[in-house]
Structure formats: C-alpha cells, structure tokens
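Take a look at the letters that make up each chain.
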Amino acid sequence: MNSYFYSSVFRKTLATLSGFFLIVFLFGHLAGNLQLVLLSGDVAQKQFNEYALFMTSNPAVKILSYLTYASILLHAALTLFLAIQSKKARPIDYEVSAGSANSSWASRNMPMLGILVMLFILIHMKSFWYEMHFGTIGNDPWGHKDLYTMTVVAFQKWWYTAFYVISMVILGFHLRHGVESGFQTLGLKTRKYIGPIQTISQTIAILIPAAFAIIPIILHLQS
Amino acid sequence: MSILNSKIPEGQLSEKWSNYKSTVPLVSPGNKRRLEIIVIGTGLAGASASSSLAEMGYNVKTFCFQDSPRRAHSIAAQGGINAAKNYQNDGDSVFRLFYDTIKGGDYRSREANVHRLAEVSSNIIDQCVAQGVPFAREYGGTLDNRSFGGVQVSRTFYARGQTGQQLLLGAYSALSRQIAKGSVTMYNRHEMLDIVKIDGKARGVIVRNLLTGEYERHFGHAVVLATGGYGNVFYLSTNAMASNTTAIWKAYKKGAMFGNPSFTQIHPTCIPVSGDYQSKLTLMSESLRNDGRIWVPKKQGDDRRAEDIPEDERDYYLERRYPAFGNLVPRDVASRAAKERCDEGYGVGSTKLAVYLDFKDAIKRLGQDVVSARYGNLFEMYEKITGEDPYKSPMRIYPAVHYTMGGLWVDYNLMTTVQGLYAIGECNYSDHGANRLGASALMQGLADGYFVLPYTIGEYLSKDIRTPAISTDHEAFEIAENEARDQNTRLLNNNGSKSVESFHRDLGAIMWENCGMARNKPNLTSAISEIQSLKKEFWEKVRVPGRDDNLNPELEKAGRVADFIELGELMVRDALDRSESCGGHFREESQTEEGEALRDDENFKFTSAWEYKGDDVKPVRNKEELQFEAVELTQRSYK
Amino acid sequence: MGTLNLTLKIWRQDGLNKPGGFKNYKVDGLNTHMSFLEMLDVLNEQLVNEDSEPVAFDHDCREGICGMCSMVIDGRPHGLLDGTTTCQLHMRFFNDGDTITIEPWRAKPFPIIKDLIVDRTPLDRIIQAGGYVSINTGSAPDGNVIPISKEISEDAFDAAACIGCGACVAACKNASASLFTAAKISQLALLPQGQAERKERVIGMVQQMDKEGFGHCTNTEACEAECPQGISVEYIRKMNWEYHCANIKG
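Scoring rules and cut-offs
- Residues numbered from 1 in each chain as written.
- Chains lettered and ligands numbered in written order.
- Predicted model: local features only at pLDDT ≥ 70, side-chain atom pairs only at ≥ 80, totals over all residues.
- Helix = DSSP H or I, 4+ residues; strand = E, 2+ residues; numbered from the N terminus.
- Buried ≥ 20, exposed ≤ 12 C-beta atoms within 10 Å, placed from the backbone.
- Contact = placed C-beta atoms within 7 Å.
- Pairing = 2+ DSSP bridges.
- Axes fitted to C-alpha atoms, helices over the stretch in contact; angles between N-to-C directions.
- Domains from an automatic or database assignment.
- Nonpolar A, V, L, I, M, F, W, Y, C, P; charged D, E, K, R; others polar.
- Core = buried A, V, L, I, M, F, W, Y, C linked by C-beta atoms within 7 Å.
- Expected span 1.5 Å × (residues − 1).
- Left-handed = near helix turned anticlockwise from the far one by under 90°.
- pLDDT = per-residue confidence, 0-100.

Comments concerning the overall build of chain A
Within chain A one finds 9 helices and 0 strands. The secondary structure elements of chain A, listed N-terminal to C-terminal, are α-α-α-α-α-α-α-α-α. In terms of overall dimensions, chain A has C-alpha extents of about 60 × 40 × 35 Å along its principal axes. In chain A, which comprises 223 residues, the share counted as buried stands at 27%.

Side note on the overall build of chain B
When you go through chain B residue by residue, the secondary structure sums to 17 helices and 22 strands. Counting only C-alpha atoms, chain B reaches 75 × 60 × 50 Å along its principal axes. If you take every contact in chain B between residues at least 6 apart in sequence, the share linking residues at least 24 apart comes to 74%.

Describing the interface of chain A and chain C
Each side of the interface is counted separately: chain A has 36 residues, and chain C has 38 residues. Listed by contribution, the elements that provide at least two residues to the side of chain A that touches chain C are α1 (2-6), α2 (8-38), α4 (59-89), α5 (105-108) and α8 (158-186) of chain A. In terms of residues, the side of chain A that touches chain C owes the most to one element, α4 of chain A, which gives 5 residues.

Regarding the sheet that holds strand β22 (residues 620-625) of chain B
Residues and elements named next belong to chain B. With respect to topology, 4 strands assemble into an open sheet ordered β17-β11-β21-β22, the strand pairing being antiparallel. Strands with a single pairing partner mark the edges of an open sheet, and in this sheet they are β17 (407-408) and β22. Relative to strand β21 (residues 606-611), helix α16 (residues 553-577) is tilted by about 145°, and along the sheet it contacts β11 (258-259), β21 and β22.

Section: the pairing of strand β2 (residues 20-31) of chain C
Direction of pairing for strand β1 (residues 3-13) of chain C relative to β2 of chain C: antiparallel, over a ladder of 10 bridges. Directly across from L8 of chain C, in β2 of chain C, lies its bridge partner Y25 of chain C.

Quick notes on the domain arrangement of chain B
Residues and elements named next belong to chain B. Each domain of chain B was delimited in the assignment, giving domain 1 (267-402) and domain 2 (475-606). The C-alpha-based centres of domain 1 and domain 2 are spaced at 30 Å. Across the boundary between the two partners, domain 1 contributes 6 residues, which contact 6 residues of domain 2. If you tally residues by element for the side of domain 1 that touches domain 2, the top one is helix α9 (residues 331-343), at 5 residues. In terms of residue class, the side of domain 1 that touches domain 2 is made up of 1 nonpolar, 1 polar and 4 charged.

What to know about the sheet that holds strand β12 (residues 264-270) of chain B
Read across the open sheet, the 5 strands follow the order β12-β16-β15-β13-β14 (chain B); overall the sheet is antiparallel. Sheet topology places β12 and β14 (314-315) of chain B at the edges, where each strand pairs with a single neighbour.

Details of the interface of chain C and chain B
Facing 67 residues of chain C, the contacting portion of chain B comprises 65 residues. Taken together, the elements giving at least two residues each to the side of chain C that touches chain B come down to α1 (36-49), β6 (112-114), α2 (121-128), α3 (150-160) and α5 (178-190) of chain C. Sorting elements by how many residues they give to the side of chain C that touches chain B places α1 of chain C first, with 7 residues. The residue inventory of the side of chain C that touches chain B, partitioned by class, reads 27 nonpolar, 25 polar and 15 charged.

Side note on the environment of R12 of chain C
Residues and elements named next belong to chain C. Within the fold, R12 resides in strand β1. Residue classification places R12 among the partly exposed residues on the basis of 17 C-beta atoms within 10 Å. Discounting residues that sit within four places of it in the chain, R12 has contacts with G20, G21, K23 and D115.

Thoughts on the pairing of strand β7 (residues 190-198) of chain B
β7 of chain B sits mainly inside the fold: 8 of its 9 residues count as buried. The turn linking β7 of chain B back onto strand β8 (residues 201-209) of chain B is made up of 2 residues, and D199 of chain B within it adopts a positive phi angle of 50°.

Looking at the nonpolar core
By size, the foremost hydrophobic cluster in this structure holds 280 residues, and its most contacted members are V224, L225, L408 and Y422 of chain B together with V169 and L179 of chain C. If one sorts the elements of this core by residue count, α16 of chain B sits on top with 12 residues. With sequence-adjacent residues up to four places away left out, Y422 of chain B is seen in contact with A222, V224, L225, L414, M415, T416, L453 and I457 of chain B. Core analysis: the second largest hydrophobic core is formed by 19 residues, A52, V117, Y148 and F173 of chain A among them.

Quick notes on α9 of chain B
Residues and elements named next belong to chain B. Between the first and last C-alpha of α9 there are 18 Å, a value that for 13 residues agrees with the 18 Å anticipated at 1.5 Å per step. Summarising burial for α9: 11 of the 13 residues are buried, a large majority. Of the residues making up α9, those classed as buried are R331, D332, V333, A334, S335, R336, A337, A338, K339, R341 and C342. Those residues of α9 hidden inside the fold are in contact with β12, β13 (293-297), α8 (317-321), β15 (355-358) and β16 (395-404).

Structural notes on the arrangement of the chains
Among the 2 pairs of chains in contact, the pair with the most contacts is chains B and C. Taking C-alpha atoms as the reference, chain A and chain B come no closer than 20 Å and do not contact one another.

So, the packing of α2 of chain A against α4 of chain A
When two helices pack together, their arrangement is captured by the angle between the axes and the distance separating the axes. Residues and elements named next belong to chain A. It is at 9 Å that the axes of α2 and α4 come closest, and there the two elements cross at 145°. Considering only the axes of α2 and α4, their crossing is left-handed. Facing R11, K12, L14, A15, S18, G19, F21, L22 and F25 of α2, the residues of α4 in contact are T68, S71, I72, L74, H75, L78, T79 and L82. The residue makeup of the contact of α2 with α4, split by class, is 9 nonpolar, 6 polar and 2 charged.

Examining the environment of L328 of chain B
Looking at where L328 of chain B falls in the secondary structure, it is placed in the loop between α8 and α9. For the pair L328 of chain B and S497 of chain B, spaced 169 residues apart in sequence, the C-alpha separation works out to 48 Å.

Let's talk about unusual backbone geometry
Residue and element names in this part refer to chain B. The phi dihedral of N260 falls on the positive side, at around 40°, and the residue is not glycine. Structurally, N260 is set in the loop between β11 and β12. Despite not being glycine, D616 shows a phi value in the positive range, around 60°. Note on placement: D616 falls in the loop between β21 and β22. Accessibility expressed as a C-beta count within 10 Å gives 10 for D616, which makes it exposed.

A short note on the environment of L366 of chain B
Residues and elements named next belong to chain B. Here L366 lies in helix α10 (residues 360-366). Taking the number of C-beta atoms within 10 Å as the measure of exposure, L366 has 15 and is therefore partly exposed. For the pair L366 and N413, spaced 47 residues apart in the sequence, the C-alpha separation amounts to 47 Å.

As for the confidence of the model for chain B
Looking at chain B as a whole, its pLDDT mean stands at 95, while 100% of the residues score no less than 70. Interface confidence in the predicted complex, given as ipTM, is 0.98; pTM for the same model is 0.96.

In structure tokens, the structure reads:
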C-alpha cells in the first residue's frame with residue numbers, strides 16, 4: 001500500500017484530482033463573475049458587492065477557499081516535481097525533435113502553460129483578492145466594500161483587458177489537454193466512454209475560458 | 001553403423017515415449033540444486049528449456065547474443081503451430097500428425113522421435129494457452145484452427161500472423177519468471193565461441209561478452225545448444241541477420257556429428273529479390289496459399305501487367321499439376337514448381353524471377369473485409385516493402401531459403417555424439433526429415449524445450465550427480481579460450497582489403513547456385529573447390545576494423561562468416577554424397593519423368609552423420625539406417 | 001527507380017559513458033528500393049573500405065518483429081512512417097539531397113552503449129517484475145477448458161503485439177515506459193489466465209517501471225503514434241485503473 005503513494009501513477013492521480021477540484025472552483029467563480037454583466041447599473045453593483053462580502057466572510061466559503069489554495073499549490077508542486085523528474089529521465093535532448101508529428105501542442109507544453117496560468121493567478125489575486133482584503137477600497141452606497149467599481153474601472157484599460165483575454169486562451173489550452181488527460185489518468189477514459197469524455201473535456205476547455213474572457217470584454221466595451 | 005546409437009526405446013511405437021517417461025532415471029530435488037545446465041539461445045527451444053529446467057530445480061545459465069532473450073528469431077514465425085487436438089473434428093489424431101510429418105519429410109526422419117513430437121503437440125497448446133498466449137478464437141470462445149500446406153486437416157493454431165512472436169513471448173515470460181526467482185542466470189549480448197570438453201564430456205562453454213569483448217568461461221554439468229538454423233549460409237535468407245552456425249559448428253569440430261547438413265527448406269512464398277544491395281528476404285506466411293492462387297502467364301516473357309492478362313491466358317500451374325492439393329502442396333514442391341516455371345521463361349516482374357500470388361478470387365468470394373481480417377498484416381507488410389497494394393494487383397513471390405532441417409545429429413534423448421552436449425530446436429537435425437511441413441518448426445522447438453529435454457536430460461544427469469563443479473581454471477577451458485581469442489586476434493590483425501560482408505555474399509552466391517533448389521554432381525563438385533578457395537581468400541584478405549575489447553559487430557560477423565564458409569563446404573559434400581532426391585534436396589539426376597523428386601530408398605534410407613576429422617581433412621560420413629515400422633514408404637504424391 | 005545521394009548526420013559514441021557527437025557522412029547512388037538499414041549497410045561497407053569503424057546499430061530480423069532496430073530518424077523513432085520499424089522503412093520515402101539526422105533512443109534508463117545502440121534491459125526487468133503467468137510446464141489444463149470470447153482474445157492480442165523496441169520511451173517527451181508496461185499488464189489482465197496474479201502483477205510492474213527511472217506519463221499519446229504495432233494508449237488507461245484498484249481494494 002505504501003508504494004502506492006510514492007508511485008508516479010498516484011502522483012499523477014493527485015495532480016488530476018486537484019486539477020479537477022480547481023475546475024469545480026472555476027465554475028463557482030464564473031457564476032459569481034457573471035453577476036458583473038448579467039445585471040446592470042446599481043442592481044449589479046449592490047448584488048456583486050454583497051456577494052463579495054459573503055465570499056470573504058462566510059465560514060463555509062472560507063474552508064472552500066483554503067481547499068482551493070491547497071489545490072493550487074498541490075497541483076503546481078506535484079506537476080512541477082513530475083516535470084523535473086521527467087526532464088531527468090532524458091538528460092540529453094534530441095538534436096531534431098518532431099513532436100508535432102505525434103502529439104498535440106498543448107500536451108507537449110503543459111508545464112509552460114501551467115506556469116503562465118500560475119503567473120496570471122498571482123497577478124489576478126494581487127489586483128482583486130489582495131485589494132479586497134488588505135487594500136484601500138472605497139464603500140458603495142450600501143456600505144459594502146465596492147469591488148464592483150474597482151473591477152469596472154480596472155477593465156477600462158484595454159491592455160488590462162487584453163491580458164485577461166490572453167490568459168484565458170492559455171487556460172483554455174491547459175484545460176484542453178488537462179481535462180481529458182485527467183480522465184485517462186484516473187482510468188475512466190474507457191473505450192465505451194471515450195466519446196462523451198472527449199466532448200465534456202472539450203466543452204469545459206472552451207466554455208470556461210470563453211465565459212471568463214467575455215466578462216472583461218463586455219466591461220471594457222461598456223466603459 | 002554401430003558408431004551411432006540412436007537409443008530408441010523398445011516397444012510399440014505409440015508406447016515408446018510413455019514407457020520411456022515411466023522408466024527414465026530421475027534426479028532428486030536435492031541433487032538438481034547442485035547441477036548446473038548451460039543453455040545457449042533463447043528462441044522457442046532455448047527459452048522453454050531454460051524455464052522448464054529451472055522450474056524443475058536445476059541451476060540454469062542461459063546465454064543469448066541479442067540484447068534481450070525476447071529477440072530470438074523464433075519471434076518472426078508467422079503462420080502457426082500444429083497440434084493433434086482434433087478440435088475441428090476432422091479426423092485428426094496423433095497418428096495422422098505423425099504420419100503427415102514423416103511423409104512430408106519424405107521418409108528421412110526417425111519414426112520414434114516424430115511420434116513423440118506428435119504426442120506432446122497437444123500439451124504445447126495447453127501450456128501456451130495457460131501462459132496467456134492470445135491464440136485466435138472462434139466466436140464461441142474455443143480455439144480456432146486453420147489448414148496448412150501438405151495436410152488435409154485443420155490443425156494449425158495461430159495468433160494472427162504473429163504466432164511465433166506470441167509463443168516466444170510466452171516462453172520468454174516463463175523464462176523471465178525464473179530469472180526473477182534467480183534460478184536462471186541470464187547473459188544477454190554474450191556469444192558462444194566454443195564448447196569445453198573434459199574427459200569426453202561437454203563441461204562448459206567459452207563465451208564472449210559482446211559489449212566489453214571479455215572472454216568468459218562457464219562450467220556446466222551439461223550444455224544445451226538451442227541456437228537455431230544456419231540458413232544464412234546462403235547470405236540471403238529469411239533468417240535474422242545474426243542467425244549463425246558458430247555454436248553448432250564449434251560443437252561439430254569438438255566431435256558432435258552433423259546430420260544431413262544439406263537439407264534446406266526453400267520457402268515458396270517470399271518477396272522476390274529486388275537488387276544486389278539486399279540484406280535479407282522477407283517471408284510471406286504460407287497461410288496465404290489457403291486463399292491465394294499462384295499463377296504465371298501462359299505466354300513466355302509476357303510483359304503485360306497482371307491485371308491486363310485475361311483469365312484464360314493464366315497458368316495456375318500448381319492447380320494444374322497437383323489437382324488434389326492444388327496451391328497447398330508442401331513447400332519443397334511449391335518452390336520447385338515456381339523455379340521450373342521461371343527457368344522456362346514464364347517468370348514475372350523486372351527480374352523474371354517471380355510468380356504471382358493472386359487474391360482476386362478470394363476477395364470476390366469472401367469480400368475484402370474477410371481477406372483483410374485473415375491476412376491484413378501480411379498485406380500491409382508486402383505493401384511496406386514493395387510499395388504495391390496486393391488488394392489491387394497480385395503479389396509477386398519467389399522461393400527463398402527459410403529453414404534448415406539439417407543440424408547436429410542427436411539420439412532419442414536429443415544428445416549429440418558428445419556426451420552431455422544436447423541440441424534442441426532447429427539446430428538439431430531430427431524430426432523434419434528432408435522437408436519440414438508448415439507450422440511444425442514452432443511445434444518442434446517447444447516440444448523439445450518444454451516436454452522432451454527436461455525428461456531426457458535426467459537420464460544423463462542422474463549419472464552425474466556426484467560430479468562436483470569443475471573449476472574454470474581447468475586447462476581445457478584455458479585452451480578453448482585461447483583458441484577463441486587467437487581467432488579474433490588473427491581476424492583483427494589481418495589487414496586485408498575485403499569486407500566480411502563481401503565474402504558472405506560470395507559464399508551465398510556459390511551456395512544458392514549450386515546447392516539451392518536443384519543440385520547436380522558437376523555443380524556440387526566444382527562448388528567444393530570454389531568454397532575452398534573462398535576460404536583461403538577469406539583468411540588472406542578479410543578486413544575487420546575496430547578492436548577486440550569493445551562492441552565490434554564487424555568482428556562478430558567475421559567469426560560467423562568464417563564458420564559459414566566451412567559449413568558450406570560440408571553442405572555441398574553432403575548434397576553430393578546423397579545422389580537421390582528427397583524432400584527439399586533435389587538432385588537433377590534423380591527425378592521422375594514428370595520432374596518430381598525421386599527417392600532412392602534402397603541406397604539412401606539413412607541419416608547422414610558427418611564426423612569432423614580435422615581442418616582441411618575430408619570429413620567422414622556415418623549412417624544411421626532408418627527403420628520404418630508404422631508407415632509404409634511410398635513415393636510422395638500430392639496429385 | 002531513382003537513385004539518391006544523401007548526407008547522414010549520425011550520432012557517434014565510442015562506448016558507455018564516453019562523450020559523443022554528430023558526424024556527417026555522404027552516401028551516393030542509393031537505390032530507392034533499399035530499406036533504411038540496407039542504406040546504413042552501404043555506408044558501413046564504405047566505412048570499412050576506408051578503414052574507419054562502421055556505425056554500430058542494433059538490428060536483427062529485418063522484418064519488423066524482433067524489436068531490435070532502434071533509431072530516431074529526423075526526430076521520430078523509426079522514422080517518418082507510422083506503424084513501421086526502421087528495418088521496414090524504405091528509401092523511397094526520402095528525396096535526393098536530403099540530410100537525415102540519426103540519433104539513438106534517448107532516455108536515462110537506456111544508456112548509450114555505442115553509436116546508435118542503447119541498453120534496453122530495463123524493459124526485461126519490468127517483465128521480470130510480474131509480466132507472466134506463474135504456470136509450471138506440464139500443469140496446464142486443456143486449452144479449450146476456459147472459453148475466451150473472440151473480443152477479449154483480440155483485445156489481449158492487440159496489447160500482446162508489443163515488440164519491446166522501446167520506441168514509446170524514445171518518443172515520449174518524459175521518456176516514460178508506460179505504454180510498454182501497460183501493454184503487458186493489460187494483456188494478462190484481460191485474459192482469465194492472468195487473474196490469479198492480477199494485483200501483484202500491476203503493482204510489481206509499475207513499481208519496477210518507476211524504479212528504473214523512466215519519466216511519468218502525461219498522456220501526450222506520442223507513444224501510440226510512434227508504436228510500430230500501433231498499441232493503443234487505452235492500455236495505459238487500463239494500467240492506471242488496474243493500479244488504483246489493486247492498491248485501493250487492498
């Protein structure tokens with residue numbers, strides 16, 4: 001039993017499970033963000049800021065958020081560790097490499113995509129999470145911290161919007177390989193279910209980043 | 001002659017083996033632990049013998065020159081393996097398998113051995129199934145069979161077109177299990193260079209570690225050779241590039257007699273030679289003849305494309321000459337018929353040394369899907385090599401050297417004329433007589449390794465339990481090692497001008513021209529002197545680059561070719577000596593009016609066992625007269 | 001048929017742990033009917049005649065089944081043709097004037113022995129760690145005692161077709177031996193004969209695979225694309241599943 005926890009298969013499994021948890025988180029996060037654009041004006045501002053307050057104060061949400069941080073760290077640490085191990089398994093590279101002949105671009109560049117997504121997360125957290133918790137942020141007419149206005153203002157800058165959109169494309173590629181690969185690692189991508197699993201994986205990989213990306217675009221266009 | 005004791009047990013043919021098994025002396029488990037057995041080669045015979053002996057409790061040391069025991073050339077066998085299971089309820093039986101094998105071998109094999117082979121054939125299938133060999137199955141889940149050339153029942157078990165691979169991987173897995181247990185010590189990339197004989201008994205081997213170049217001495221209470229065939233003496237053959245005769249040739253020089261060296265099987269369905277750069281020939285499984293029809297144009301030198309030649313201008317010559325068996329005549333008959341057509345000028349393709357193997361009718365009758373399910377991988381292979389699509393235009397095929405029925409002479413125990421030295425699988429002469437039936441090589445290799453040798457070796461070892469391990473400092477080891485070393489030093493220091501490859505090619509040309517599908521006295525006589533001068537030239541002019549103390553494939557090849565040249569001479573001598581035709585050995589002087597092989601039972605109903613008498617001394621031919629009690633000798637007819 | 005003049009850029013290395021590097025060679029007047037290895041034969045005969053050491057490469061059966069030949073040609077194990085070993089790759093797929101880069105399999109567990117030859121014994125050790133059914137000679141029941149459906153039998157065959165060449169490792173950006181290991185595990189897990197040792201087998205073999213220092217599988221599926229036998233990554237999925245079950249069920 002012990003050997004299980006040290007095996008490459010188990011490590012990949014943990015990476016998968018943490019990744020899958022992060023996808024669930026993304027859905028939740030997305031639902032919150034959509035309030036920015038599905039409603040408008042004061043209603044949006046009031047509801048979004050109340051939501052933000054709830055998210056930063058509710059104990060259950062707290063637990064979930066710690067789980068999320070843990071997942072991000074675990075996912076990053078494990079995959080980084082495995083990537084380094086793999087690098088060691090081929091100390092001398094090929095002179096000529098023809099990877100495109102046998103595998104997808106995303107599958108070959110997961111570590112790079114992952115690092116970029118991580119960078120995005122850090123910048124994103126600095127801009128919003130940090131400001132919300134520790135920054136100087138004004139109140140809205142109802143007495144809540146006005147995250148809504150801060151967000152709307154932030155995406156008035158075109159380059160900031162562009163940064164978000166590009167980051168989502170990167171996330172898309174990461175999910176494009178990651179989700180389907182996760183099902184394979186868990187041993188679920190059987191011949192019988194390979195079709196539905198591919199559809200689900202591709203849908204997730206397109207839907208989540210696209211929905212996330214459309215919000216800053218709309219906000220930018222509204223400004 | 002009394003010098004050869006075949007040790008055939010007394011009694012009824014059908015009871016000999018079971019009687020033998022119940023009376024053969026056994027070695028107790030405690031003693032088995034003290035006995036060491038050396039096995040050379042890890043093909044079907046070597047791997048199955050190694051694992052079985054280790055399971056029984058012997059200490060086994062196994063050697064192969066490849067990087068892994070799984071690479072042995074048994075892996076390339078495509079078609080299948082015979083067994084007298086009668087699963088198809090078509091009247092098969094042990095006796096029928098025995099009879100077909102004796103008849104197919106043109107009555108030049110030993111009845112008792114062949115009967116034993118037929119008896120254990122069923123056990124082989126059971127053993128392999130139990131190992132997880134994925135044989136082809138019927139929809140109901142039972143094992144499927146197909147028919148093969150030279151027989152009228154379906155007794156061939158198969159795993160797509162990769163039966164040899166699957167059987168070998170089964171044996172390899174059994175071997176791997178014993179390696180993991182420590183009861184087999186495996187030496188990869190080690191080539192046997194000589195046998196060590198002490199007091200007349202085989203007591204060890206000299207091997208060279210091909211990676212470091214080191215010469216190693218290994219002691220064994222018995223030595224088992226399972227080193228395969230020597231078809232590469234023809235340079236071009238279906239054998240793997242490194243298949244060689246060195247182990248059995250050195251054994252021959254140490255006193256093991258060589259049985260029927262000239263008996264060579266030329267396989268009818270190979271991809272034709274396309275140029276002089278060619279390094280090997282590729283076999284297309286004989287199973288193709290089940291549904292493919294062989295033909296040539298009726299007009300000599302017809303240059304039209306196959307598709308453009310109308311039906312009534314095609315000569316389906318096998319169906320015409322042999323209506324009873326048609327395209328399924330035995331290999332030697334099919335090969336000679338192809339050669340006859342080509343010699344007469346009806347050959348096709350750019351070299352005119354090819355005939356058509358056509359699946360047009362099969363595709364019409366069965367549909368492309370069924371044909372593809374049966375032969376898909378073979379068709380693919382053909383297309384890969386030739387760049388032509390056999391679904392659209394017929395394959396071109398021509399006979400090629402495939403198997404050597406000859407090999408070290410062995411008695412009923414599979415022991416050579418050197419005490420304690422055994423030969424199993426293709427490297428012994430035994431069970432196939434003058435022609436081997438399809439799907440019988442795998443059967444024999446596994447029969448020898450799994451079910452025969454593990455019993456028969458006990459007869460010898462039971463008398464050897466008091467022999468302690470002999471130190472490899474013994475002078476016999478010293479001498480043998482020095483000889484092996486000296487030969488390599490001589491090769492490396494030769495500073496000649498011709499590559500090893502070119503000598504091999506020259507030897508192949510001499511052999512194919514004179515000792516191939518048709519042989520005659522004048523050609524054979526001149527071939528002897530041609531080979532002798534080639535040998536002289538080899539030792540004067542061969543150039544071997546590199547060193548002795550690391551991996552040097554050219555040096556390995558040089559040693560092998562040196563032995564092939566000497567073997568070639570013996571093969572020609574044997575072919576010359578046997579002035580009858582039988583099986584794959586066709587002497588033009590001995591044929592019926594219709595051009596079929598004509599046996600001469602009065603003068604040649606024996607196995608030739610050649611005895612080495614020294615370099616450049618004519619070897620002596622001894623005879624083992626063959627007794628036929630259960631079968632009546634008839635002229636083979638497949639008409 | 002045309003003739004080819006080629007430049008070959010080949011990795012040369014005199015021995016284990018020795019420094020290596022690329023060397024360029026010219027070979028002219030090649031026939032397009034030749035196999036890739038026959039083309040190397042021509043080069044080697046040329047080298048012998050110039051009194052230099054020929055290029056060492058593993059090869060044996062030259063009909064695509066022994067799994068011995070192993071070289072990366074222009075970045076692809078066994079060359080550009082799918083489902084083909086190097087020995088079955090023919091020169092008609094190359095053009096006159098081409099420069100072809102030829103490298104050995106590169107993976108830490110496969111140290112280079114000489115030039116293009118690597119040591120693949122780790123694959124043998126993976127099989128020794130459980131890639132068999134423990135059945136002694138002579139103790140097998142009749143072959144037809146256990147019916148096995150055609151479907152299962154064919155599936156097991158697809159996995160069993162592995163020739164052990166190591167192209168999967170060579171192709172994988174992580175130098176993972178998952179496809180090789182998974183193929184044997186799956187073959188025996190599918191068949192009734194393999195059930196008794198199913199659990200120990202998958203645990204033992206996966207452990208050995210890790211121990212040899214192969215990288216982990218990130219499902220790029222390059223192995224399947226380069227496998228001469230086209231062995232499916234479905235078996236890697238199966239290996240993962242088998243491994244989870246064996247460990248979790250205990």
